[in-house]
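Letter by letter, the chains look like this.
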Amino acid sequence: VIPDLLYDERVYDKNGKHEQDLSRVKYYLEHFEEFDGRYSIGRFKLNKYHFERLVNLYRELAEKGRMKVSIDEFLGMLENGAFDDYESEVEEYFRLMTGQVFMPNTPALINSGRPLGMLSACFVVPIEDDMESIMKAAHDVAMIQKSGGGTGLNFSKLRPEGDFVGSTAGAASGPVSFMHLIDAVSDVIKQGGVRRGANMGILEVWHPDIEKFIHAKEKNIGTNVLSNFNISVGIWEDFWEALRDGKRYPLVNPRTGEKVKEIDPKSLFEELAFMAWSKADPGVIFFDVINRRNVLEPAKGGPIRATNPCGEEPLYEYESCNLASINLAKFVKYDDEGKPYFDWDEYAYVIQKVAKYLDNAIDVNRFPLPEIDYNTKLTRRIGVGMMGLADALFKLGIPYNSEEGFAFMRKATEYLTFYAYKYSVEAAKKRGTFPLYEKSRYKDGELPVEGFYHREIWNLPWDELVEEIKKHGVRNGMVTTCPPTGSVSMIADTSSGIEPIFALVYKKSVTVGEFYYVDPVFEAELKKRGLWSDEILKKISDNYGSVQGLEEIPEDMQRVFVTSMDVHWLDHILAQANIQLWLTDSASKTINMPNDATVEDVKAAYLLAYKLGCKGITVYRDGSLSVQVYSVEGEK
Ligand code: CDP
């Protein structure tokens, strides 16, 4: 933690020179012997060993010219409590991470303590309608992705294909072609050497190239077209109104502001749903929902128009976000009679710890671009999230697709946001609010959380919290996000994000042979009931990894142990909506549909998700892409 805080390559002087005054450091070192036992500056108490380590470290880095702060600033940070309880906190974070209680996003895991030092997963890059800006965007994407970040781009400001180009009197190539350019950049930049670049490409529904965009991944059979892009259509309220009222919808050239043509919104909606039905792309982003409670809008001077690659993080241009996810399964405890319960108090405690971790990560982060450094620190957005939801529900014996399940999701998310804010207010008292706070709508007692406006569903004293916020402000502009946790849930050995599990049992082929992977909570339950056998595992694996309809499995287990394919798409949407209710940002969620779902189902899913206040939707119809990451035996 400490080295990261003090070390900054970008201020390294090219001539190897530095101007830092080391007299204070020298003074402390010379007088060091006087501090026998404990050394204290303000609230900060260190034993001699740690103090020596800190000062030596400071000196060493200062001599290399790699200091971000002067010794006075450094001592000021000590006094302001930047390292309060540093020793015990370091140990505690170590315990929480190695205990698989929470995990930061992959970039934080792979880059911290290393020269790159880039800790964030989510970025949005602007792209304007000129070649300078387009190539700058390509550059920015490369810089972000080389250190493991994912980028979102809204291409809607680019003039449509075939439009006039002044400098050459030629024809423009349009947003979709430039998306291919960015895709090629991502292709050659392996993220931090560990994964391929991920992008979100967005086009707003009024853009003249919207139909081309919807079909951009039509030829995709797995990963051959725009393989580094998820694509999403950005929809605003006027489109829904036109659709509802049966009116024609204007497409507008962003260069001239002129209407190019009018379309039938019904047929565009149909095409969109059809492509999602057949190719799982594009998804849809509901910009009016994203901005409905966006308390940052007056401070940033406009609405949010983009998200990160997996859609869970709506961001302003050049904003970034660090994520960390708490493993809900770890909070399920058992009473004396062996009955499971959820430890809400411990959960509340950990949420505040994780919020602090992420808030500090903003300051120690070495951002890939100065614009990102600047904009991220204006809003100080953090993404406290959760994973292991399905495993927690298994342990608690609550079906994912039940009112009880949805109530648990709401409460878990309400706690997440409430206690993330609780940390943020406390931090604001000590370290100040985020710089744009004064211009935000927090000042009027508003929160960017839908659930806050529905008093009847509160479990926690939101009134009190808002009073605190109005008095002291908050340190973080937004606080909660639920990412997919594709890698980190594996490291934490828990079910991913907010999703049901993919299969209870599936066959894995490795060099030494084949074996069954069994969900650990399910395995324990089978063994407890004396049902564990090779035959039953094979039977479940052959049944698409599901226990539905298997007579050997008792009915109560069939209700609780559901897989994503067992959960009806309506219930997937209800889960997403219940979780969205209490998040400041958004959640990554796939709405799984069976292979025989229809385009009408997809349309209905979009409308329902919109009506229920989801910020976007991604539908995946089983088998619609020929390549899947995992595969259960029954499909072969
Ligand atoms: O589990 P992990 O921290 O690796 O990532 P995740 O929760 O699956 O994804 C979180 C975010 O990381 C995504 O929304 C992207 O912004 C970014 N990401 C990426 O850039 N490239 C990937 N291959 C995966 C994730």
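Residues numbered from 1 in each chain as written. Predicted model: local features only at pLDDT ≥ 70, side-chain atom pairs only at ≥ 80, totals over all residues. Heavy atoms only, no water.

(A) Inspection of the overall build of the protein at higher detail. In terms of helices and strands, the protein carries 24 helices and 23 strands. Here the protein, with 636 residues, has 56% of them falling under the buried criterion. Across the protein, the fraction of contacts at a sequence separation of at least 24, relative to all contacts at a separation of at least 6, is 75%. Of the roughly 26,600 Å² of accessible surface on the protein, 51% is carried by carbon and sulfur atoms. (Helix = DSSP H or I, 4+ residues; strand = E, 2+ residues; numbered from the N terminus. Buried < 20%, exposed > 50% of the residue type's maximum accessible area, 1.4 Å probe, protein only. Contact = heavy atoms within 4.5 Å. Areas by Shrake-Rupley, 256 points an atom, 1.4 Å probe, with all protein chains shown as cover.)

(B) Structural view of the confidence of the model for the protein. A residue-level look at the protein finds 84% of positions with pLDDT of 70 or above and a mean pLDDT of 88. A low-confidence stretch, residues 1-22 (pLDDT under 50), is modelled with 54 contacts involving residues beyond four sequence positions or located in other chains. Within the model, pLDDT remains below 50 along residues 627-636, and this stretch shows 26 contacts once partners closer than five positions in the same chain are excluded. (pLDDT = per-residue confidence, 0-100.)

(C) Up close: the site of the ligand. Taken together, 20 residues are adjacent to the ligand, and Thr106, Asn308, Glu312, Thr485 and Gly486 come closest. Contact distances for the ligand include 3.0 Å between an oxygen atom and a backbone N or O atom of Ala121. With respect to the ligand, the backbone of Cys310 contributes an N or O atom lying 3.4 Å from an oxygen atom. Against a free-state accessible area of 520 Å², the protein chains account for coverage of 90% of the ligand. (Near = heavy atom within 4 Å. Polar contact = N/O pair within 3.5 Å; in protein donor to acceptor, adjacent residues only side chain to side chain.)

(D) View of a nonpolar patch on the surface. There is a patch of nonpolar side chains on the surface, built from Val510, Val512 and Phe515 and spanning about 300 Å² of accessible area. Secondary-structure assignment places Phe515 in strand β20 (residues 513-518). Judged by relative accessible area, which is 38%, Phe515 ranks as partly exposed. (Patch = residues over 30% accessible without salt bridge, like charges linked within 9 Å, V, L, I, M, F, W, Y side chains within 5 Å. Salt bridge = Lys/Arg side-chain N within 4 Å of Asp/Glu carboxyl O.)

(E) Representation of the pattern of salt bridges within the structure. A full pass over the atoms with the stated rule returns 44 salt bridges. For Glu92, the salt bridge goes to Lys353, with nearest N and O atoms at 3.6 Å. With a gap of 261 residues between them, Glu92 in helix α5 (residues 86-98) and Lys353 in helix α14 (residues 344-364) connect regions that are remote in the sequence. Across this residue pair, the class does not change: Glu92 and Lys353 are buried. Salt-bridge contacts for Lys589 lead to Glu499; the nearest nitrogen and oxygen are separated by 2.7 Å. Of this pair, Lys589 sits in the loop between α23 (569-580) and β21 (591-593) while Glu499 sits in the loop between α19 (488-491) and β19 (505-510), and the two are 90 residues apart along the sequence. Accessibility expressed as a relative area gives 5% for Lys589, which makes it buried. Glu499 sits in the buried class, given a relative accessible area of 13%.

(F) Here's a closer look at the environment of Phe408. Here Phe408 is to be found in helix α17 (residues 403-431). Sequence-wise, Phe408 and Asn578 are 170 residues apart; in three dimensions their C-alpha atoms are separated by 9.3 Å. Beyond its immediate stretch of four places on either side in the chain, Phe408 contacts Leu328, Phe342, Trp344, Leu389, Leu393 and Leu396.

(G) Just the packing of aromatic side chains, in detail. Going through the model one piece at a time under the given rule, you end up with 36 aromatic pairs. Here Tyr93 and Tyr357 contribute two aromatic rings whose centre-to-centre distance is 5.6 Å and whose plane-to-plane angle is 55°, an arrangement assigned as tilted. One end of the pair, Tyr93, is in helix α5; the other, Tyr357, is in helix α14, with 264 residues separating them in the sequence. For Tyr357, a relative accessible area of 19% gives the class buried. Geometrically, the ring pair formed by Phe434 and Tyr437 is edge-to-face, given 5.9 Å between the ring centres and 90° between the ring planes. (Phe/Tyr/Trp six-rings, centres within 6.5 Å; stacked < 30°, edge-to-face > 60°.)

(H) Broad picture of the pairing of strand β11 (residues 229-235). Where burial is concerned, most of β11 is hidden: six out of the seven residues are buried. Sheet topology places strand β10 (residues 199-204) next to β11; six bridges connect them, and they run parallel. In the strand pairing of β11, Met200 is matched with Asn230. By the bridge criterion, four bridges tie β11 to strand β14 (residues 283-286) in an arrangement that is parallel. Within β14, the position partnered with Ser232 by the bridge is Gly283. (Pairing = 2+ DSSP bridges.)

(I) View of the nonpolar core. Within the largest apolar cluster, 159 residues are counted, with the highest numbers of intra-cluster contacts made by Phe155, Ile326, Tyr347, Val384, Tyr421, Trp462 and Ile617. In terms of residue count, the dominant contributor to this core is α17 (13 residues). In this structure Val384 touches Ala324, Ile326, Ile351, Val354, Ala355, Leu358, Leu416, Ala420, Val479, Thr480 and Thr481, once residues within four positions along its chain are discounted. Residues Ile501, Val521, Phe522 and Met557 belong to the second largest nonpolar core, which totals 18 residues. (Core = buried A, V, L, I, M, F, W, Y, C linked by side-chain atoms within 4.5 Å.)

(J) Focus on the side chain of Asn291. Structurally, Asn291 can be placed in helix α12 (residues 287-292). According to the relative accessible area criterion, Asn291 is buried, its value standing at 9%. At 2.7 Å, the side chain of Asn291 and the backbone nitrogen of Ile304 are in polar contact. Leaving out residues up to four positions away in the same chain, Asn291 has contacts with Trp236, Glu297, Pro303 and Ile304.

(K) Expanded view of the packing of α17 against α23. Interaxial distance between α17 and α23 falls to 8 Å at its minimum, and their mutual angle equals 25°. Here α17 is positioned roughly parallel relative to α23, judged by the angle of their axes. In this structure, α17 crosses over α23, and the sense of that crossing is right-handed. Taking contact as the criterion, the partners of Phe406, Met409, Arg410 and Thr413 in α17 are, on α23, Asp571, Leu574, Ala575, Asn578 and Ile579. (Axes fitted to C-alpha atoms, helices over the stretch in contact; angles between N-to-C directions. Parallel < 35°, antiparallel > 145°, perpendicular 65-115°, else oblique. Left-handed = near helix turned anticlockwise from the far one by under 90°.)

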